[in-house]
Amino acid sequence: MRTVVCHFFNEEYLLPWWLAHHRRIFDHGIMIDYNSTDASRDIIKKMCPEWEIYPTRNAYFDSACIDREVEDYERTCSGWRMALNVTEFLYGNVAQLDKITVPAQHFIGNYVFVEPQGGYPAPLDHSRPLHEQVRFGYYETDPRPCDKLNFGLRASRSIHNYPIAYAREGGRHWYQMPTLGDLAIFYYGYAVLNDKGISRKMQIKTKMSPEERQARGAEHPNMVTPERFLTNIERFHRPRCSDLSGVVSRVARHQYPAEAPVLATSAA
């Protein structure tokens, strides 16, 4: 049994891609709604009718209370369970998990995808997986301390098959080197910079408590203005990017066998 736990707020733009992909991987999903006002719930019900949707118990979208809520849902699950944001897509050889019979926790690294300068040749299409349309990015290899999150670094994500409590400092984001080969997170938080993509990023801070906003500071990626958000992408992220078509095809072939298993075009 594999279960994904996801919290969401007004994610109708990314959810069709996220759901279509993860229903290939997970047997079940637990979706935590932070009082969405768009069509997010209807999209989930239509695309994954057997998945559970719960209203959040939290008044605010603060990291500590999110972690505790996710933990409590994970404790109700058997088998492998993982918490993902709607910007995070699990890819690769998930079948290897079935061969791990002892209790274990593993860490999965991130490919970060970024919209190229000038945008895409054609509008992104919900009828095609994002990995077929978005291939400009880099592999995050820097597991520095959590204060470096202000630079937008992506910590490893955790997948485990036994009940655990998240570390209070790291939460769902672990600064550990990846421990499973052939698995990766494709992170699309910087890959869609149209009005819908920018709006979904800017809305996060409206759900945080005043204390959380103050603690994170104006330079945190979830707190910046739209102008600073785009400047940070241009300054910190695009210079690290290259064409990852080969890597994407190699990793995605586990979920999409029609993908040609070509060799990587850049170092992972």
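We now turn to the structure provided with this report. (Residues numbered from 1 in each chain as written. Predicted model: local features only at pLDDT ≥ 70, side-chain atom pairs only at ≥ 80, totals over all residues. Heavy atoms only, no water.)

1. Quick word on the overall build of the chain
Counting its secondary structure elements, the chain contains eight helices and 12 strands. Expressed as a percentage of the 268 residues in the chain, the buried residues total 56%. Contacts in the chain between residues at least 24 apart in sequence constitute 76% of all its contacts with a sequence separation of at least 6. Looking at the chain as shown, the accessible area adds up to about 12100 Å², and 53% of this sits on carbon and sulfur atoms. (Helix = DSSP H or I, 4+ residues; strand = E, 2+ residues; numbered from the N terminus. Buried < 20%, exposed > 50% of the residue type's maximum accessible area, 1.4 Å probe, protein only. Contact = heavy atoms within 4.5 Å. Areas by Shrake-Rupley, 256 points an atom, 1.4 Å probe, with all protein chains shown as cover.)

2. Overview of the side chain of Gln 255
Along the chain, Gln 255 turns up in the segment after α8 (245–252). From its side chain, Gln 255 meets the backbone oxygen of Gly 92 in a polar contact 2.5 Å long. Other than its neighbours up to four places away in sequence, Gln 255 contacts His 21, Arg 24, Ile 25, Tyr 91, Gly 92 and Val 94. (Polar contact = N/O pair within 3.5 Å; in protein donor to acceptor, adjacent residues only side chain to side chain.)

3. Concerning the packing of aromatic side chains
A complete count under the given rule lists 12 aromatic pairs for this structure. Each ring, one from Phe 113 and one from Tyr 188, has its centre 5.3 Å from the other, and the planes form 25°; the classification is stacked. In this pair, Phe 113 sits in strand β7 (residues 110–114) while Tyr 188 sits in strand β11 (residues 183–190), placing the two residues 75 residues apart along the sequence. In this pair, the class of Phe 113 matches that of Tyr 188, namely buried. These aromatic residues form a ring-pair network of at least three members: Phe 89, Tyr 91, Tyr 111, Phe 113, Tyr 139, Phe 186, Tyr 188 and Tyr 256. A cation over an aromatic ring shows up here: Arg 154 above the ring of Tyr 187, its NZ or CZ 3.6 Å from the ring centre. (Phe/Tyr/Trp six-rings, centres within 6.5 Å; stacked < 30°, edge-to-face > 60°. Lys NZ or Arg CZ within 6 Å of the ring centre and 35° of its normal.)

4. Regarding the sheet that holds β7
By definition, the strands of a sheet pair up through backbone hydrogen bonds, in either a parallel or an antiparallel sense. Pairing in this open sheet of five strands is mixed, and the strands run β5-β11-β7-β8-β12 from one edge to the other. Edge positions in the open sheet fall to β5 (88–92) and β12 (242–243), since each of these has one partner strand only. In terms of strand pairing, strand β8 (residues 136–139) meets β12 through two bridges, oriented antiparallel. When the sheet's bridge partners are listed, Gly 137 is paired in β12 with Ser 242. (Pairing = 2+ DSSP bridges.)

5. Comments concerning the pairing of strand β9 (residues 156–160)
A large share of β9 lies buried, amounting to five of its five residues. In β9, alternate side chains face the same way, and those of Ser 156, Ser 158 and His 160 on one face and Arg 157 and Ile 159 on the other are all buried. As paired elements, strand β4 (residues 80–83) and β9 share two bridges and run antiparallel to each other. In the strand pairing of β9, Met 82 is matched with Ile 159. Judged from the four bridges that link them, strand β6 (residues 105–108) and β9 form a sheet pairing that is antiparallel.

Scope: geometric values only; no functional claims are made or implied.
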